[in-house]
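# Structural features, examined
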Amino acid sequence: YNAIDANHVTDAEGGEWLTFGSFFGGLKIVELDPATGEVADGAPVLPLVDRRIQFNPVEGPSIIRNGEYYYLFAAFDYCCRGVESDYRVVVGRSTSITGPYLDRDGVSMLAGGGSEVLRGYNEFQGTGHPDVYSTGGVDYFVNHYYDTLSDGTPRLNVRTLSWSDGWPTVSDPVNPSRSAGRGSAYVMPALCAVATFLVLIFAWSQQSISVQSAILSIGWPVLYLVTVLQTLFMIKKLVRRQRGFSV
């Protein structure tokens, strides 16, 4: 394996399982002994995913149950290349936790199948290594990505899953640090513009001409400078996109 990427899951009968693996050997599942947390005596290692292509680029298995099906999420292609990463997430489903997992077209994930649920968009590049977890009646989906608005800084998204016709849809991020298409390069100029407008309103609400002049002479140049700097920052990021540093 290129990495282990282990993930624990409990089946509908209370059985404990471990999914693991990446790249060359594909993804696997093995039963655990609930008393020890170790691999159960004599438990076979069963295959889950095999892409049937060179290097078998797949990793990060995570399973969640919804209704009568188990859903296996996995990352296809390559991470760890900054904004040039093409990591993406696919899913298949099965009535048995050990598979076979089939995609929307009925293709087994052991034969290269997998229905895409998330790939890079906006500032989120290389969206991969999924982890799914259900709590409080909400199904959460976590992935990492490379931020194209911050020179490829690796970050984490928390999203939710919704279900329609027996298949999941991944939401935009719900964690407050970042939302789709609204990175710092977009948010800061807008905030500065709003702040400038509020300062102008406050200045003109004053009865004293001298107070108006003082506010405008100090506040306006500062806000203008910050807005210009943030706008230049945004232009830099957009130029990077045009040169192919993002999706």
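Now for a look at the structure at hand. These numbers come from a predicted model, not from an experiment.

## Description of the overall build of the protein
Along its length, the protein carries 2 helices and 12 strands. When the elements of the protein are put in sequence order from the N terminus, they spell out β-β-β-β-β-β-β-β-β-β-β-β-α-α. The burial tally for the protein puts 41% of its 247 residues in the buried class. Residue pairs in contact within the protein that sit at least 24 positions apart in sequence constitute 49% of those at least 6 positions apart. When the accessible surface of the protein is summed, it comes to about 12,800 Å², and 57% of that surface belongs to carbon and sulfur atoms.

## Some thoughts on the sheet that holds strand β6 (residues 69-76)
The sheet built from 4 strands is open, its strands ordered β5-β6-β7-β8 with antiparallel pairing. Whereas interior strands pair on both sides, the edge strands pair on one side only; in this sheet they are β5 (58-66) and β8 (115-118). On average, adjacent strands in this sheet sit at an angle of 30° to one another, irrespective of strand direction. As paired strands, strand β7 (residues 88-94) and β8 are joined by 3 bridges and run antiparallel to one another.

## A short note on the side chain of S94
The residue S94 is located in strand β7 in this model. Of the polar contacts made by the side chain of S94, one reaches the backbone oxygen of P100; its length is 3.2 Å. Not counting residues up to four positions away in its chain, the partners in contact with S94 are E68, Y69, Y70, G99, P100 and Y101.

Conventions and cut-offs
- Residues numbered from 1 in each chain as written.
- Predicted model: local features only at pLDDT ≥ 70, side-chain atom pairs only at ≥ 80, totals over all residues.
- Heavy atoms only, no water.
- Helix = DSSP H or I, 4+ residues; strand = E, 2+ residues; numbered from the N terminus.
- Buried < 20%, exposed > 50% of the residue type's maximum accessible area, 1.4 Å probe, protein only.
- Contact = heavy atoms within 4.5 Å.
- Areas by Shrake-Rupley, 256 points an atom, 1.4 Å probe, with all protein chains shown as cover.
- Pairing = 2+ DSSP bridges.
- Axes fitted to C-alpha atoms, helices over the stretch in contact; angles between N-to-C directions.
- Polar contact = N/O pair within 3.5 Å; in protein donor to acceptor, adjacent residues only side chain to side chain.

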